[in-house]
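Chains, contacts and geometry: an overview
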Amino acid sequence: MTHRYVDKHILVTGGASGLGFEIARQFGSEGALLTIFDYNELALQKATDTLTQSGYHVNPFHTDVSVQPDVIEAVAAAEKIAPIEVLVNNAGICLVTPFLNITKQEWHKTLDINLTGAFYVAQSVCRHMAERKRGVVLNMSSKNGLDGEFGHAHYNASKAGLILFTKTVAIELAHLGIRANAVCPGYVRSPINYEVDSDEFVEQFAERYIPINRVGKVTDVAPIFLFLASDEAAYITGQTFVIDGGQLAGMKAGDSLLQEIRLD
């Protein structure tokens, strides 16, 4: 285990569960000072207790990223603890509703959290980073930001928006020493979809769509955030990284085609 982030201050939004928690945990394992924003107060307390018991330094903030005054206040408080070196904009929701049935409330809730919330947090954090002329912003987009999926028009729009938002932040802030990149996971098993998708559905999904023949785990995705935040990635900005087991590479071959492959 390396210690690339000893005493570096990392802010993870939506860091109380799922992929956000694993990202925070891995940064903590490399010595980072962690700040977590999350709307779920119970999950936030549980995550804080778990990370603290592992010996990590954690500062929890019960924060709704879709409320700009609350974000500004929370970021200012986090900055007083230590300068924020890395922002992981992970907070988000995923509602499943066919396009013709999406309500105004569902549309705005999804965009307000997934896209506008990311803007509020990034702008507030980057204003501090700009003064120091250094920093990294990593936005959690999705495979759905690059490819459509039934029932996810609002989610797809928010994640696609994050990709262009990331590119624009990258080109506007490069001269200030700030890098910005987006990560696009495919299907990743997390507490959210454990409640919705059966094991049978997950197995069938992987068999039909994913060349690697399994869905992702949070441990498959989190490491790229640590790489992109590191000095090893100092020349990388404005880019989009897909972690999806090959799903977007093209149509998966069926068993009959695979059987025709000759290895001699």
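Further up the page is the structure itself.
Being a predicted model, the structure only gives us computed values, none of them experimental. (Residues numbered from 1 in each chain as written. Predicted model: local features only at pLDDT ≥ 70, side-chain atom pairs only at ≥ 80, totals over all residues. Heavy atoms only, no water.)

1. Some details on the pairing of strand β6 (residues 178-185)
A regular strand places its side chains on the two faces of the sheet in alternate fashion. With 8 of 8 residues buried, β6 is to be regarded as a mostly interior element. Neither face of β6 is open: one carries Ile-178, Ala-180, Ala-182 and Cys-184, the other Arg-179, Asn-181, Val-183 and Pro-185, and all of them are buried. Strand direction decides the pairing type here: strand β5 (residues 135-140) and β6, joined by 6 bridges, are parallel. Across the sheet, residue Leu-138 finds its bridge partner in β6, namely Asn-181. (Buried < 20%, exposed > 50% of the residue type's maximum accessible area, 1.4 Å probe, protein only. Helix = DSSP H or I, 4+ residues; strand = E, 2+ residues; numbered from the N terminus. Pairing = 2+ DSSP bridges.)

2. Some remarks on the environment of Leu-33
Here Leu-33 is to be found in strand β2 (residues 33-38). Non-local contacts of Leu-33, meaning those with residues more than four positions away in its chain, are made with Lys-8, His-9, Ile-10, His-57, Asn-59, Ile-81 and Ala-82. (Contact = heavy atoms within 4.5 Å.)

3. Some words on the packing of helix α4 (residues 104-132) against helix α5 (residues 153-173)
Viewed as axis vectors pointing N to C, α4 and α5 meet at an angle of 15°, and their least axial separation amounts to 9 Å. Regarding the angle of α4 to α5, the classification is roughly parallel. As α4 packs across α5, the resulting crossing turns out to be right-handed. Side by side, α4 and α5 meet where Glu-106, Trp-107, Thr-110, Leu-111, Asn-114, Leu-115, Ala-118, Phe-119, Ala-122 and Cys-126 of the first sit next to Ala-153, His-154, Tyr-155, Ala-157, Ser-158, Lys-159, Gly-161, Leu-162, Phe-165 and Leu-173 of the second. Residue composition of the contact of α4 with α5, by class: 13 nonpolar, 5 polar and 2 charged. (Axes fitted to C-alpha atoms, helices over the stretch in contact; angles between N-to-C directions. Parallel < 35°, antiparallel > 145°, perpendicular 65-115°, else oblique. Left-handed = near helix turned anticlockwise from the far one by under 90°. Nonpolar A, V, L, I, M, F, W, Y, C, P; charged D, E, K, R; others polar.)

4. A closer look at helix α3 (residues 68-81)
Along its 14 residues, α3 runs 20 Å from first to last C-alpha, staying within 8% of the 20 Å computed at 1.5 Å per residue. Taken as a whole, α3 has its buried residues at Val-71, Ala-74, Val-75, Ala-78 and Glu-79. Taken down its axis, α3 places every buried residue within 140° of arc, on the same side. Exposed residues pointing more than 90 degrees away from the buried face of α3 are listed as Pro-69, Glu-73 and Lys-80. The inward-facing, buried residues of α3 abut β1 (9-13), β2, β3 (57-62), β4 (84-89) and α4. (Expected span 1.5 Å × (residues − 1). Arc of directions from axis to C-beta.)

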